Every structure is written in C-alpha cells, then in structure tokens.
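So the chains spell out like this:
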Amino acid sequence: MALVQQSFRTSAFIVRLSRAYSTPVEKDIKKSVFISQSKDIYTNLALEDWLYRNFDFTNHHVLMLWQNEPCVVIGRHQNPWLEANVSELNNISEKGVKLARRSSGGGTVYHDLGNLNMTFFTGREQYNRKYNLEIVTTALFREYGLKLEISSRQDLTLRNCKVSGTAAKLGRPSAYHHCTLLVNFNKVNLSQALQKLDAGIQTNATKSIKSKIINLCEENPKLDVSSLYRAVSWEYLRTQALSVKDGGLELATKQKGFQMINPTEQWFPGIDALTDTFQGWEWRYGRTPKFTITRSFTVPDNLLNTDVPDDSRVTMVVEHGKISDVNLFFPPGLAANGFSGNVNVVTSLIGHKFSEEALDYLEWSVGTLISVKDKFVTDCVRQVMQSV
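Note that the structure is predicted; figures quoted are calculated from it, not measured.

Procedures and definitions
The residue numbers shown here count from 1 along each chain, following its written sequence. Residues qualify for local features only when their pLDDT is at least 70, as the model is predicted, and side-chain atom pairs are given and counted only at 80 or more; totals for whole chains, interfaces and linings, by contrast, use all residues. As a rule here, side-chain values come from all non-hydrogen atoms in the structure, and water together with hydrogens is ignored. Throughout, an axis means a line fitted to C-alpha atoms (over the contacting stretch in the case of helices), and angles, computed between N-to-C directions, take values from 0 to 180 degrees. Only DSSP runs of H or I reaching four residues or more are called helices, and only runs of E reaching two or more are called strands; each is numbered from the N terminus. By definition in this entry, angles of less than 35 degrees are roughly parallel, angles greater than 145 are roughly antiparallel, angles of 65 to 115 are roughly perpendicular, and the rest are oblique. Crossings are classed by handedness, with left-handed meaning an anticlockwise turn of the near helix from the far one by less than a right angle and right-handed meaning a clockwise turn. The contact definition used throughout considers only heavy atoms, calling two residues in contact when any of these lie within 4.5 Å. Detection works on a 1 Å grid of protein atoms alone, calling trapped sets that fit a 1.4 Å probe cavities and calling open sets with protein on both sides within 12 Å along at least five of seven lines pockets, with lining residues defined by an atom within 4 Å of a point. Grid points are joined across faces, edges and corners, and a volume is the space filled by probe spheres set on the points. Polarity classes work like this: nonpolar for Ala, Val, Leu, Ile, Met, Phe, Trp, Tyr, Cys and Pro, charged for Asp, Glu, Lys and Arg, and polar for all others, with Gly in that last group. Strands are labelled as partners when DSSP assigns at least two bridges between them. Between the rings of Phe, Tyr and Trp (Trp by its six-membered ring), a pair exists once the centres lie within 6.5 Å; its type follows the angle of the planes, with under 30 degrees stacked, over 60 edge-to-face, and the other angles tilted. To sort residues, take the accessible area from a 1.4 Å probe on protein chains only and compare it with the maximum for the residue type: under 20% means buried, over 50% means exposed, and anything in between is partly exposed.

Trainee: Help me understand the packing of helix α2 (residues 41-54) against helix α8 (residues 271-279), please; the structure alone is not making it clear to me.
Mentor: Relative placement of two packed helices is described by the angle separating their axes and the distance separating the axes. Packing of α2 against α8 brings their axes to within 8 Å, and their N-to-C directions diverge by 125°. In terms of orientation, α2 lies oblique with respect to α8. Of the two possible hands of crossing, α2 and α8 adopt the one that is right-handed. Contacts between α2 and α8 pair Y42, T43, L45, A46, L47, D49, W50 and R53 from the former with I271, L274, T275, F278 and Q279 from the latter.

Here it is in structure tokens:
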C-alpha cells in the first residue's frame, strides 16, 4: 500500500511541474485498475475529481471501479427538485438515499450496491468513449455470453433496455468517461427515489430522458457485481491502449495491474476538502440553474363575495437554490373581501433556501396569522413548495 501511495504523490508532482505533453505512443502507455474501498458517493466523487485534477495520464491510463450505498446522482447542470423525490429520499431504504451532484453533465442515475461504476481516465487527446464501451461489451460477451449494444446516445442496452448510462468530463490535459452497469439494483427504491409528478417547473436545466431499464442478472442469474469486477478489469488490461485489439494474457501481465485504493487524506492530500464540497448544500442544491414554479388554486367560496368561482395563482422563483421572488395573484373577489394581495409572511421567504428551512419557517409563521384569508394564501405557498 505504501508504494501505491507514493506513486500517486509522485504522479501529482509531475503534473504540477509540467502540463506540456507530447503525443504518447501506444506501446509506451501502461494501464492500471484502481478499486475504491469506499462506498460513500461523496468520497468517490472526490476521488474521481482528485485524480482528474492531479494525476498524469499521459502514458498511464486508469480504470477506476467503485460502488456506492443508495444514492441519486444528478448531472452538473440538473435540477434536483425536478429529477428526484427530494423530500422522501431520507425515508427510502433503511439508511435513506443520499443526493449527490457530479462534475460531469448528463442525466440522473440511481446507485446502490447492485451497480458497478466505472471511470476511464486518459489524457484529453486519447479520450474515446466508444473504445471504453466496446471493452465493457466485449467483457460481458466473453465472460457471460451477453450481447450488449451501444446506442446512438452511447448508452449500453440489452434487448432494447438500458443497462448503462454514460457521461464525461473533458479538460486539459486530462479527461474521463464514466458509466454504470445495472447488475442487481433495487428497482423499488429507484422508482421511489426518482418518482416525480409534473412539477410545473420552467427551467433551462438539463432534463433526464426516461428509458426502460433491466438488471443484467435478469438475463444471466450467474452474473453478480463481484465477478463483474474481475471480468471488466481483465478485459481492460488485455486490450491495447488506443485501439480495441486483444493482447491477451501477455499484454495484461505487462500492465501495472490492480491497486486497492483507500481514498483518505493521507493517500490523497486535499481529498477531504473535495469531499466536503461534494456533500455540501451549496454544491448539491446551490448550483441548480434558475427555475420558476407556478401553481393555481381554487379560492373557497367562503372567502369570496361573489358567486363566480375564481382561481388564485402563486409563482415562485428560485436562484442558486434560494427563493428570490414570490408573486401572488388573487381574484378581485378575494381582494374585495379584505385581502390586500400581499402577506408579509410570504414575502419574507425571499432569501431562504428552497428546502426544509423555508418550510419550517412557513409552518411557524402560520400560527402568527389571524386572518383566514392570509392563512389561505400562506397555505397555497406551502403547497407550492411541498409539490416539488
């Protein structure tokens, strides 16, 4: 283990010394398989980011394999309230389901210990998503006889069902492509974690595309995550670095092999700070693109002085995860009955996080209201927040 730790620090030092790279020759590129010992999504995202920032992948390509306890992982430019059942995540599974935002783009995925996650690291010039996916499809065919297909969106499918999503981060000098294989994940928990009604949200945030999914074990009951670790790893090591050519055992034995990775501050100086960032509210929720929610509500007859039914409307604007504006529209019948159209309790929500913080404040404030009309207005705002 000490040798592994030392090699990381040396590689990081080389990267800091120079970012000017010559085009590598295929025969000079060696490969490693890093297997993370953590099952925490925030730690694993931090490890991935640390390697991307610090490691020299010029002549050393890396496949990182990792798993997580139950979690929902949204893309960098997505809206968690639109993608996940945020208010119920803590109630799903024995330990709840964590919510995380990754550094790459793409759509939302669900992870648990029935998934195998893979991150392919290379230099920017050697980035090749299809190459990576072909290694995975070859491994599954060689070991289990499964014939997966690469879709036009570069997802992996089996019998027209999705078994792997895909996303990437391209920079200089490094790049990575990551994907997950659905082996034996909990479909009930996934459904509960991602189940969303039409929230009526207007936003430019990236929206996930729903797909029919399947567990690989449904096709081959002998397939499990532990055996998949071995199958994908060996296929990666026996394949040429820049072309999908099988070098067999002879090539595999010339690689740098397998390394069990302990993602701690001792091994990776600065990783604790990265972990804190990934699990922090500002990254998970505060990075959400601006969005607007609009809801309409029927005003009870006893609050109107007219026989003509009419609706009220609440529009809430959220920027950086915090409420930036609340617009109220109420029919003349309600205003004429004594409502001014502005409740201080509602407008004072501005600046609060769009979360339990604002709801708790609203719940407390309702008790201070005397007017039935004001309570109705406040309840409308509360329903808007709870509907997302």
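Having seen it, we continue.
Trainee: Explain empty space enclosed by the protein to me, please; I cannot follow it from the model alone.
Mentor: A water-sized probe, rolled over the atoms, reveals where empty space remains. Tallied over the entire structure, the rule returns two cavities of 30 Å³ or more. As a volume, the largest cavity reaches approximately 60 Å³. Around the largest cavity, the lining residues are H61, F120, T122, Q126, Y127, N128, Y131, N132, Y176, H177, A241 and L242. At the level of secondary structure, the elements contributing two or more residues to the lining of the largest cavity comprise β6 (115-123), α4 (129-144) and β11 (174-182). In terms of residue class, the lining of the largest cavity is built from six nonpolar, six polar and no charged. Looking at the second largest cavity, its volume works out to about 40 Å³. Per-element accounting of the lining of the second largest cavity gives the leading share, three residues, to β6.

Trainee: Just checking my understanding: could you explain the sheet that holds strand β15 (residues 311-319) for this structure?
Mentor: Reading across from one edge, β12-β14-β15-β16 is the order of the four strands in this open sheet, with antiparallel pairing throughout. Lying at the two open borders of the sheet, with one neighbouring strand each, are β12 (201-203) and β16 (322-329). Averaged over all pairs of adjacent strands, the angle between strand axes in this sheet comes to 20°, irrespective of strand direction. Relative to β15, strand β14 (residues 291-298) runs antiparallel, the two sharing eight bridges. Directly across from R295, in β15, lies its bridge partner V314.

Trainee: How do you make sense of the packing of aromatic side chains when you look at a structure like this?
Mentor: To describe a pair of aromatic rings, you give the distance between the ring centres and the angle between the ring planes. Inspection of every chain in the model, using the stated rule, returns 15 aromatic pairs. Judged by centre distance (5.1 Å) and plane angle (85°), the rings of W81 and F354 are edge-to-face. Pair noted here: W81 is in helix α3 (residues 80-83) and F354 is in the loop between α11 (344-347) and α12 (356-366), with a separation of 273 residues, a long-range link. Here W81 and F354 have matching classes, each one buried. Ring plane angle 65° and centroid distance 5.4 Å describe the contact between W234 and F258, whose orientation is recorded as edge-to-face. Here the residue W234 occupies a position in helix α6 (residues 225-238), and F258 occupies one in strand β13 (residues 257-261), the gap between them amounting to 24 residues. Judged by its relative accessible area of 37%, F258 is partly exposed.

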